[in-house]
Amino acid sequence: MQESKRPEQKTKIEELTEQVGKHLIQLRYSKSSISHYRGVWRRFLEYSDEQYFSEELAMRYLKDCCSIPETRYPDKLPHKLRVEFRAIRVLYDYERFGQIFSRRMMSPKVKWPIKYRKVVDSFFEHCKKRSLSPGWMRRQKLVMKSFSQFLDREKI
């Protein structure tokens, strides 16, 4: 287990959300993801009766405002609640460890059917030139993979 970033200090919630927002930009999170996180943080700040961030306060917010059980990793939440949980978890991780841990598992490299490989490669090359976010491109690869496998399976 890693050591805490600042075990003896507490960070003001407003300062923490500002720091984490800047860090998300550096990590190239999409504007929409950052906007969703900031919305959660605004609600958290409105809920808070304390000036400083703490895990206990965060867990209380998730339980009281989102009906998320008091567990560090709740399973199978609806999308809206996953966003709430993740946004609060990001604050906790950054406050405690000074970094944000990725929630995604790396998927194996996509194997495209040969007949689609050229068009798919040129599409993603175009996406890179337009500087589209890595998260968007990952989602598109998953969709395109499923679609191309369907076309191949149906002999289309």
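Above this text you will find the structure in question.
The structure presented is a predicted model; accordingly, all values stated were derived computationally and were not measured.

What to know about the packing of helix α2 (residues 31-47) against helix α3 (residues 55-66)
A pair of packed helices is characterised by two quantities: the angle between their axes and the separation of those axes. The N-to-C vectors of α2 and α3 enclose an angle of 100°; their axes lie 10 Å apart at closest approach. Taken as axis vectors, α2 and α3 run roughly perpendicular relative to one another. In contact with Val40, Arg43, Phe44 and Tyr47 of α2, α3 contributes Leu57, Ala58, Arg60, Tyr61, Asp64 and Cys65. Taken together, the residues that form the contact of α2 with α3 break down as seven nonpolar, no polar and three charged.

Structural notes on the nonpolar core
One recurring pattern in soluble globular proteins: nonpolar side chains tend to sit buried together. By size, the foremost hydrophobic cluster in this structure holds 27 residues, and its most contacted members are Val20, Trp41, Phe44, Phe53, Leu62, Ile88 and Leu91. Contributions of two or more residues to this core are made by α1 (13-26), α2, α3 and α4 (79-97). Counting residues per element, this core draws most heavily on α4, at eight residues. Dropping the residues within four chain positions of it, isoleucine 88 is found in contact with Val40, Trp41, Phe44, Phe53, Ala58, Tyr61 and Leu62. Grouped together as the second largest cluster of nonpolar side chains are seven residues, Trp112, Val120, Cys127 and Met137 included.

About the cut-offs
- Residues numbered from 1 in each chain as written.
- Predicted model: local features only at pLDDT ≥ 70, side-chain atom pairs only at ≥ 80, totals over all residues.
- Heavy atoms only, no water.
- Axes fitted to C-alpha atoms, helices over the stretch in contact; angles between N-to-C directions.
- Helix = DSSP H or I, 4+ residues; strand = E, 2+ residues; numbered from the N terminus.
- Parallel < 35°, antiparallel > 145°, perpendicular 65-115°, else oblique.
- Contact = heavy atoms within 4.5 Å.
- Nonpolar A, V, L, I, M, F, W, Y, C, P; charged D, E, K, R; others polar.
- Core = buried A, V, L, I, M, F, W, Y, C linked by side-chain atoms within 4.5 Å.
- Buried < 20%, exposed > 50% of the residue type's maximum accessible area, 1.4 Å probe, protein only.

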